[in-house]
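Architecture at a glance
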Amino acid sequence: MTRPSWDEYFMEITHLVAKRSTCLRRQVGAVVVKDKNILTTGYNGAPSGVAHCLEVGCLREKLQIPSGERHELCRGLHAEQNAIIQAAKHGTNIDGATLYCTTMPCIICSKMIINAGIRRVVYEMGYSDQLAEEMVRESGVVVEKFPTPGVSP
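Residues numbered from 1 in each chain as written. Predicted model: local features only at pLDDT ≥ 70, side-chain atom pairs only at ≥ 80, totals over all residues. Heavy atoms only, no water.

**Some details on the packing of aromatic side chains**
- Counted according to the given criterion, the structure contains four aromatic pairs.
- Note on Trp6 and Phe10: the rings are 5.7 Å apart at their centroids and 20° apart in plane angle, and the pair reads as stacked. With Trp6 and Phe10 both in helix H1 (residues 6-18) and four residues apart, the pair spans about one turn of that helix.
- With relative accessibility at 41%, the residue Trp6 sits in the partly exposed group.
- Ring geometry for Phe10 versus Tyr100: centroids 5.3 Å apart, planes at 40°, classification tilted. (Phe/Tyr/Trp six-rings, centres within 6.5 Å; stacked < 30°, edge-to-face > 60°. Helix = DSSP H or I, 4+ residues; strand = E, 2+ residues; numbered from the N terminus. Buried < 20%, exposed > 50% of the residue type's maximum accessible area, 1.4 Å probe, protein only.)

**Observations regarding the nonpolar core**
- In terms of nonpolar packing, the biggest core is built from 23 residues, with Ile94, Leu99 and Ile118 touching the most fellow members.
- Among the elements of the structure, strand S1 (29-34), helix H4 (79-90), strand S3 (98-103), helix H5 (107-116) and strand S4 (120-125) are those that each provide at least two residues to this core.
- Take this core: its biggest share by element is four residues, from H4.
- Beyond its immediate stretch of four places on either side in the chain, Ile118 contacts Ile84, Ile94, Ala97, Thr98, Leu99, Ile113 and Val141.
- Of all hydrophobic cores here, the second largest spans nine residues; its members include Ile13, Val33, Tyr100 and Phe146. (Core = buried A, V, L, I, M, F, W, Y, C linked by side-chain atoms within 4.5 Å. Contact = heavy atoms within 4.5 Å.)

**So, the sheet that holds strand S2 (residues 37-43)**
- With mixed pairing, five strands are arranged side by side in an open sheet as S2-S1-S3-S4-S5. Each edge of the sheet is formed by a strand with only one pairing partner; in this case those strands are S2 and strand S5 (142-145). Within this sheet the neighbouring strands show an average axis-to-axis angle of 20°, counted without direction.
- Sheet topology note: the S1/S3 ladder contains four bridges and is antiparallel. Pairing of Ala30 across the sheet is with Cys101, part of S3.
- Sitting on the sheet, H4 is in contact with S1, S2 and S3, with an inclination near 130° to S2. (Pairing = 2+ DSSP bridges. Axes fitted to C-alpha atoms, helices over the stretch in contact; angles between N-to-C directions.)

**Observations concerning H4**
- With twelve residues, H4 should cover 16 Å at 1.5 Å per step; its first-to-last C-alpha distance of 17 Å lies within 8% of that length.
- Those residues of H4 that are buried are in contact with S1, S2, S3 and H5.
- Just past H4, the residue Gly91 takes up positive phi, approximately 70°. (Expected span 1.5 Å × (residues − 1).)

**Topic: the side chain of Ser110**
- Relative to the assigned elements, Ser110 resides in helix H5.
- Residue Ser110 is classed as buried on the basis of its relative accessible area, which comes to 0%.
- For Ser110, the contacting residues outside a window of four places in its chain are Pro105, Ala132 and Val136.

Below, the structure written as structure tokens:
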């Protein structure tokens, strides 16, 4: 048995977290880690106490909005947003942390990551948001694509 690296361990957990997603389009999971300890997790879905897309349908599908556009026209929050909000809600300091995510953060999440003081982002799948990639790199946040087993880079 081969013991997983820390990055492998935390990325695998993002996939478990993503299974809680209520998004009909894409299931995303995020884990915020500091000093090898999980601080918060998040998955994409509607805010607490609000009907989920699983129950009422996808607004973005109804309006035929392509992926990566018009983020504000959605009932849900992104996994990264939920992980950062959980930290704020529970008074958890995430300054200097690493965010592991199944998908490269969008521009809105990237700006939140920068201002939250997250210093490293490890993601698995790309997301077509060039501005997000430019801004996190400009900010000094280290962004690393996690190699997906069986998929060439």
